[in-house]
Amino acid sequence: MKVTAVLLAAGQGTRMKSDLPKVLHPLCGKPMLWHVLEALKPATTEKPVVVVGHGAEEVKKYLGDSAECVLQEPQLGTGHAAMQAESLLKSKTDYVIVTYADMPLLRGETFKQLVETQRLNSGPLSLLTVIADDPRGFGRIVRKTDGTVEAIVEEYVATPQQREIKELNVGAYCFKADWLWAALHRIEKNPKKGEYYLTDIVELAVKDNLPVQAVVHDDFIETIGINTRVHLSEAEAALRTRINHEHMLNGVSMIDPASTYIEVGVKIGKDTIVMPNTYLHENTVIGERNVVGPNTIVRNSTIGNDCKILASVLEGAVLEDDVDMGPFARLRKGAHLKSHVHMGNFGEVKDSTLHEGVKMGHFSYIGNAKIGARTNIGAGTITANYDGEKKNPTEIGEDAFIGSDTMLVAPLKLGDGARTGAGAIVTKNVPDDTLVVGMPARAIRKLERKKKG
Ligand code: UD1
Ligand code: CA
């Protein structure tokens, strides 16, 4: 049995007031479109077909070869959009799920249930409905006195009585493929809007005396459709709750889930505590028993176990175990902090490895460097790595001691056990176990002390 999804994504999304196509607006780190395609995967057997139109090039570029694209030009409504998939799918699939790309919270389970219902239906289509108090402009489900579905009535043509109906059209349908292609051609242009409404297809089945089944959903949250940025923020909040609940059920603690922002795809081990106002982005992987935050941003980074990260920003970084960071530390791409590194306030590390047990307590910049195990980086140490043309490397051995405010002018090597005095400007390599000092202050004149007050 072949099941193929047709995702309608050609509409202009006028109400978003955006240059970005609506379906590419992100939710918890991934475009709306991605969420719908993910949810469709467990319910389908074939590559999905996406109907593109407005912003077609951008949408196609995003999709790559993850979907077949068909162009709808001009965009004459949802019925017309579905019709564009016919040439690609005719005689190639048994069932077609048609859904809208602006419904990113629908779950895989729900689509599976829709397909199951249609498989048992002798009629040509099943659709998803929801019972809700707030109609949000959705089409209303009109039922006959015997309870069977009779029609979907769009809000703007609904009678005052129909507007009171609490059962709404979610916008997910499963069709017998052959029936769908024929029926789409029978949909008439809506006289008011000049569009072909997919929703009119229900009446066609009813006219032919064919049963229409409905899967009635009670989770309104899952059926949030996005037409404006207000809806987008509602969907984001709902998705965030869903993601956070999953992590908490897997053993992650959150003091305040409402202010904990975790994108899809982030992995977190058990007994890690994520503190408030923390953002975990993209492909971040965090191990067990860490405390992350408050006020921390982690993007595309890997964190081992038993680390403490307070009020810091990490991007493209790797932390091994028992690392202690912050507040106000910043790791940029290529920063690798091995186990038991301590990095205190106002430090920045980029493209550098700090080996086991390195201590870097205050105000330092380490770039393009390798720092040997147990070395101490004094307050204010700077690797002067950039000569105006290229980045130069600094290498420091094990058990070295870099005095406060040392300037390490790269390229430069300091041996194991090397020491620098406070304020040293080091321009030449320092052998193992050697102390260098630079420019100590000397007395210039005697001062007269002014009495205060
Ligand atoms: C639609 C349904 C409504 C349902 C609601 C649920 C119709 C006529 N109405 O209304 O019953 O309650 O969704 O969210 O179907 N699209 C195209 N080509 C077009 C027009 C639209 O691809 O020519 C796509 C859009 O990109 C969008 C989807 O179809 O992803 C739905 O279109 P939209 O205009 O948002 O429909 P609604 O007014 O929300
Ligand atoms: Ca919509």
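Quick note: structure is the one above.
Keep in mind the model is a prediction, meaning the values are calculated, not measured.

Draft legend 1. Spatial organisation of the overall build of the protein. When helices and strands are counted, the protein shows nine helices and 41 strands. Radius of gyration (C-alpha) of the protein: 31 Å, far over the 22 Å computed for a compact globule of 453 residues. The proportion of buried residues among the 453 residues of the protein is 49%. Across the protein, every contact between residues at least 6 apart in sequence was considered, and the portion connecting residues at least 24 apart equals 41%. When the accessible surface of the protein is split by element, carbon and sulfur atoms take 51% of a total near 22,000 Å². Side-chain charges in the protein split into 54 positive and 57 negative, and the spacing between the mean points of these groups amounts to 7 Å.

Draft legend 2. Focus on the pattern of salt bridges. Scanning the entire structure with this criterion turns up 21 salt bridges. With a shortest N-O distance of 2.7 Å, Glu167 and Arg143 are connected by a salt bridge. In this pair, Glu167 is assigned in strand β10 (residues 167-176) and Arg143 in strand β8 (residues 140-143), connecting sequence segments 24 residues apart. A residue is classified by how much of its surface remains accessible, and Arg143, at 32% relative accessible area, is partly exposed. Salt-bridge contacts for Asp351 lead to Lys333; the nearest nitrogen and oxygen are separated by 2.9 Å. In this pair, Asp351 sits in the loop between β28 (348-350) and β29 (352-354) while Lys333 sits in the loop between β25 (330-331) and β26 (335-337), placing the two residues 18 residues apart along the sequence. By relative accessible area, which is 32% here, Asp351 ends up partly exposed.

Draft legend 3. Molecular detail of the layout of surface pockets. Counted as a void, the largest pocket has a volume near 1,100 Å³. Taken together, 37 residues line the largest pocket, and the ones lying closest to its centre are Arg15, Thr78, Tyr100, Asp102 and Asn227. For the lining of the largest pocket, the secondary-structure elements that each account for two or more residues are β1 (3-9), α3 (78-83) and β10. As a volume, the second largest pocket reaches approximately 420 Å³. When contributions to the lining of the second largest pocket are tallied by element, the ones reaching two or more residues are α1 (32-40) and α9 (229-249). Of the residues forming the lining of the second largest pocket, the biggest block, five residues, is contributed by α9. When the residues that make up the lining of the second largest pocket are grouped by side-chain class, the tally is nine nonpolar, five polar and five charged.

Draft legend 4. Just the side chain of Asn392, in detail. As for its position among the elements, Asn392 is in the loop between β34 (382-384) and β35 (394-396). At 3.1 Å, the side chain of Asn392 and the side chain of Asp387 are in polar contact. Beyond its immediate sequence surroundings of up to four residues, Asn392 is in contact with Asn368, Asn385, Asp387, Ala410 and Pro411.

Draft legend 5. Spotlight on the sheet that holds strand β15 (residues 273-274). Ordered by their spatial adjacency, eleven strands build an open sheet running β12-β15-β18-β21-β24-β27-β30-β33-β36-β39-β41, and the pairing between neighbours is parallel. The outermost strands of the open sheet, each flanked by one partner alone, are β12 (253-254) and β41 (435-436).

Draft legend 6. Representation of α1. With respect to burial, α1 is a largely interior element, seven of its nine residues being buried. For α1, every residue scored as buried is listed here: Met32, Leu33, His35, Val36, Leu37, Ala39 and Leu40.

Draft legend 7. The coordination of the calcium ion (ligand 2), seen in detail. Looking at the metal site, the calcium ion (ligand 2) is ligated by Asp102 (OD) and Asn227 (OD1), spaced 2.3 to 2.6 Å from it. Residue Asp102 is located in the loop between β6 (95-100) and α5 (108-119), and its partner Asn227 is located in the loop between β11 (212-217) and α9; the two are separated by 125 residues in the primary sequence.

Draft legend 8. Structural detail: the site of ligand 1. In the vicinity of ligand 1 there are 24 residues, among which Gln72, Gly77, Tyr100, Glu154 and Asn169 approach most closely. Separating an oxygen atom of ligand 1 from a side-chain N or O atom of Thr78 is a distance of 2.9 Å. Here an oxygen atom of ligand 1 and a side-chain polar atom of Tyr100 are 2.6 Å apart. When ligand 1 sits alone it has 760 Å² of accessible area, and the protein chains cover 88% of it. For ligand 1, the cavity whose grid points lie within 2 Å of the majority of its atoms is the largest pocket. If you list the elements that add at least two residues to the shell around ligand 1, you get β1, α3 and β10.

Draft legend 9. Representation of the packing of aromatic side chains within the structure. Taken as a whole and judged by the stated rule, the model has six aromatic pairs. An angle of 70 degrees between the planes, with centres 6.1 Å apart, marks the rings of Tyr100 and Tyr173 as edge-to-face. Here Tyr100 is found in strand β6, whereas its partner Tyr173 is found in strand β10, with 73 residues between them in sequence. Tyr173 matches Tyr100 in its accessibility class, with the two residues each being buried. Pairwise contacts between aromatic rings join Tyr100, Tyr173, Phe175 and Trp179 into one cluster. Against the face of Tyr386 rests Lys391, its NZ or CZ located 5.3 Å from the ring centre.

Draft legend 10. Representation of the sheet that holds β35 within the structure. Sheet architecture is open: nine strands sit in the order β14-β17-β20-β23-β26-β29-β32-β35-β38, paired in parallel fashion. The open sheet has two free edges, formed respectively by β14 (267-268) and β38 (412-414), since each of these has just one partner strand. Sheet topology note: the strand β23 (residues 318-319)/β26 ladder contains two bridges and is parallel. Bridging across to β26, Leu319 finds its partner in Leu337.

Procedures and definitions
- Residues numbered from 1 in each chain as written.
- Chains lettered and ligands numbered in written order.
- Predicted model: local features only at pLDDT ≥ 70, side-chain atom pairs only at ≥ 80, totals over all residues.
- Heavy atoms only, no water.
- Helix = DSSP H or I, 4+ residues; strand = E, 2+ residues; numbered from the N terminus.
- Rg over C-alpha atoms; globule rule 2.2 N^0.38 Å.
- Buried < 20%, exposed > 50% of the residue type's maximum accessible area, 1.4 Å probe, protein only.
- Contact = heavy atoms within 4.5 Å.
- Areas by Shrake-Rupley, 256 points an atom, 1.4 Å probe, with all protein chains shown as cover.
- Lys, Arg positive; Asp, Glu negative; His and termini not counted.
- Charge placed at Lys NZ, Arg CZ, Asp CG, Glu CD.
- Salt bridge = Lys/Arg side-chain N within 4 Å of Asp/Glu carboxyl O.
- 1 Å grid on protein atoms, 1.4 Å probe; cavity = no way out; pocket = protein on both sides within 12 Å on 5 of 7 lines; lining within 4 Å.
- Points joined across faces, edges and corners; volume = space filled by probe spheres on them.
- Nonpolar A, V, L, I, M, F, W, Y, C, P; charged D, E, K, R; others polar.
- Polar contact = N/O pair within 3.5 Å; in protein donor to acceptor, adjacent residues only side chain to side chain.
- Pairing = 2+ DSSP bridges.
- Donors = N, O, S within 2.8 Å, 3.2 Å for Na, K, Ca; no water.
- Near = heavy atom within 4 Å.
- Sits in = over half its atoms within 2 Å of the grid points.
- Phe/Tyr/Trp six-rings, centres within 6.5 Å; stacked < 30°, edge-to-face > 60°.
- Lys NZ or Arg CZ within 6 Å of the ring centre and 35° of its normal.

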